[in-house]
Amino acid sequence: MRLATVITAASDASGDPATRAAVQSGDRFVLLPARDLNELLETAGWQEQAAAAAAAAAAAGAAGGGPHESLPADGARFATVLPRPSKVICCGLNYADHIAEMGRELPEYPTLFAKYADTLIGDGEAIDAAGHGAKVDWEAELAVVVGAPLRNASQAEAAAAIAGYTVANDISLRDWQNRTLQWFQGKAFDRTTPLGPVLVTPDDCDPEAGVRVRCLVNGEEVQNGNTKTLVFTAAALLSYISTFTRLSPGDVVLTGTPGGVGMGATPPRFLHDGDVVTTEVEGIGTLTNTVRL
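Heads up: these notes are all about the structure in this document. (Residues numbered from 1 in each chain as written. Predicted model: local features only at pLDDT ≥ 70, side-chain atom pairs only at ≥ 80, totals over all residues. Heavy atoms only, no water.)

### Here we look at the overall build of the protein
And then number 1: When its secondary structure is counted, the protein shows seven helices and 18 strands.
And then number 2: In terms of C-alpha radius of gyration, the protein reaches 19 Å, essentially the compact-globule figure of 19 Å for 293 residues.
And then number 3: Projected onto its principal axes, the C-alpha coordinates of the protein cover approximately 60 × 45 × 30 Å.
And then number 4: Side-chain charges in the protein split into 21 positive and 35 negative, and the spacing between the mean points of these groups amounts to 3 Å. (Helix = DSSP H or I, 4+ residues; strand = E, 2+ residues; numbered from the N terminus. Rg over C-alpha atoms; globule rule 2.2 N^0.38 Å. Lys, Arg positive; Asp, Glu negative; His and termini not counted. Charge placed at Lys NZ, Arg CZ, Asp CG, Glu CD.)

Written as structure tokens, this is what we have:
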């Protein structure tokens, strides 16, 4: 299944865009009774609910008349796919080629850091680092989304609890990141982490079999990696993280970036105001975001 948080109106009572969780059925997104995917994933039986809505829409056919409202897929506007995760945890140095370009050895344990939900933006939104950094870098990533509570989970239990996968870019302010040995301050600026546009469930996406992860800057390919080279799989990361903190439905874990980051280039290169960053994960989708410095 392909699920999304779609924008249904210009604004709600709070002034934010009105949104709904939705499931794709053919060339339409069928609206579900939840304001976004975070709310949907917190609902018992969400998989069955979404599958039933998609099946009902398919049965109704192109003429419409099904029990759910829907929107044309080719005109859908996507909000941040998970706008309100309780935890956003990231893994650094998880692709063998990226580890090599950073001059490090393969790790025994994952290198982890955290973000807040405030960092997240959706497809088409601006990466807002205005006035804060001269060394803004790209990091295309596969993100895994938690679909059931996890605590002290085995890898098998973690794998069974995966809601699906989505696209992310861990935009990094290297001048802030390198001020200290701790990366957090260069990774957690508000409105700098694109996430979306859709969530694809594990029956339609298998990172362990290998999916391509790409980043382009102004149309030039700068990263092209494959999840087959991950040191720690999505299930391994969720299992490891769950040993020290509870993971809840809708939480997001970024699994790391392949080689090709700007900091690793000779000479290093960074993003400029107005640059367009395109992030793609094979079988999931594409994010397009403009940089504002």
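### Some thoughts on helix H2 (residues 46–60)
And then number 1: A rise of 1.5 Å per residue sets the reference length of H2, with its 15 residues, at 21 Å; its end C-alpha atoms lie 21 Å apart and thus fit the reference within 8%.
And then number 2: On the buried face of H2, the contacting elements are strand S1 (2–9), strand S2 (18–25), strand S3 (28–31), helix H1 (37–41) and strand S11 (162–169). (Expected span 1.5 Å × (residues − 1). Contact = heavy atoms within 4.5 Å.)

### Looking at the packing of aromatic side chains
And then number 1: With the rule as written, the count across this model stands at six aromatic pairs.
And then number 2: Taking the centre distance of 5.7 Å and the plane angle of 65° together, the rings of phenylalanine 113 and tryptophan 183 count as edge-to-face. In this pair, phenylalanine 113 sits in strand S6 (residues 111–115) while tryptophan 183 sits in the loop between helix H5 (174–177) and helix H6 (184–187), placing the two residues 70 residues apart along the sequence. Of the two residues, phenylalanine 113 and tryptophan 183, neither departs from the other in class, the shared state being buried.
And then number 3: Through a chain of ring-to-ring contacts, three or more aromatic side chains come together here, namely Tyr109, Tyr240 and Phe244.
And then number 4: Its guanidinium or amino end placed over the ring of tryptophan 176, arginine 179 lies 3.7 Å from that ring's centre, counting from NZ or CZ. (Phe/Tyr/Trp six-rings, centres within 6.5 Å; stacked < 30°, edge-to-face > 60°. Buried < 20%, exposed > 50% of the residue type's maximum accessible area, 1.4 Å probe, protein only. Lys NZ or Arg CZ within 6 Å of the ring centre and 35° of its normal.)

### Description of the sheet that holds strand S15 (residues 220–226)
And then number 1: One open sheet holds the five strands; their spatial order is S8-S18-S17-S14-S15, and the pairing between them is mixed. Either end of the sheet is taken by a strand with one partner, and the two such strands are strand S8 (127–128) and S15.
And then number 2: When strand S14 (residues 212–217) meets S15, the two strands line up antiparallel, connected through six bridges. Looking across to S15, one finds that valine 217 is bridged to glutamate 220. (Pairing = 2+ DSSP bridges.)

### Comments concerning the layout of surface pockets
And then number 1: Computed from the structure, the largest pocket encloses a volume of approximately 530 Å³.
And then number 2: Taken together, 21 residues form the lining of the largest pocket, with Asp16, Pro17, Thr19, Ala79 and Pro83 sitting closest to its centre.
And then number 3: Listing elements by their share of the lining of the largest pocket, those giving two or more residues are S1 and strand S7 (120–121).
And then number 4: When its residues are assigned to classes, the lining of the largest pocket shows eight nonpolar, four polar and nine charged. (1 Å grid on protein atoms, 1.4 Å probe; cavity = no way out; pocket = protein on both sides within 12 Å on 5 of 7 lines; lining within 4 Å. Points joined across faces, edges and corners; volume = space filled by probe spheres on them. Nonpolar A, V, L, I, M, F, W, Y, C, P; charged D, E, K, R; others polar.)

### So, the pattern of salt bridges
And then number 1: The full count for this structure, using the stated rule, is twelve salt bridges.
And then number 2: Residue glutamate 39 is joined to arginine 35 by a salt bridge in which the shortest nitrogen-to-oxygen separation is 3.3 Å.
And then number 3: Given a relative accessible area of 46%, arginine 35 falls into the partly exposed group.
And then number 4: With its nearest N and O atoms 2.8 Å apart, the salt bridge here joins glutamate 221 to arginine 214. (Salt bridge = Lys/Arg side-chain N within 4 Å of Asp/Glu carboxyl O.)

### Details of the side chain of aspartate 36
And then number 1: By the element assignment, aspartate 36 lies in the loop between S3 and H1.
And then number 2: Within the local environment of aspartate 36, its side chain forms a polar contact with the side chain of arginine 84, the two groups lying 2.9 Å apart. (Polar contact = N/O pair within 3.5 Å; in protein donor to acceptor, adjacent residues only side chain to side chain.)

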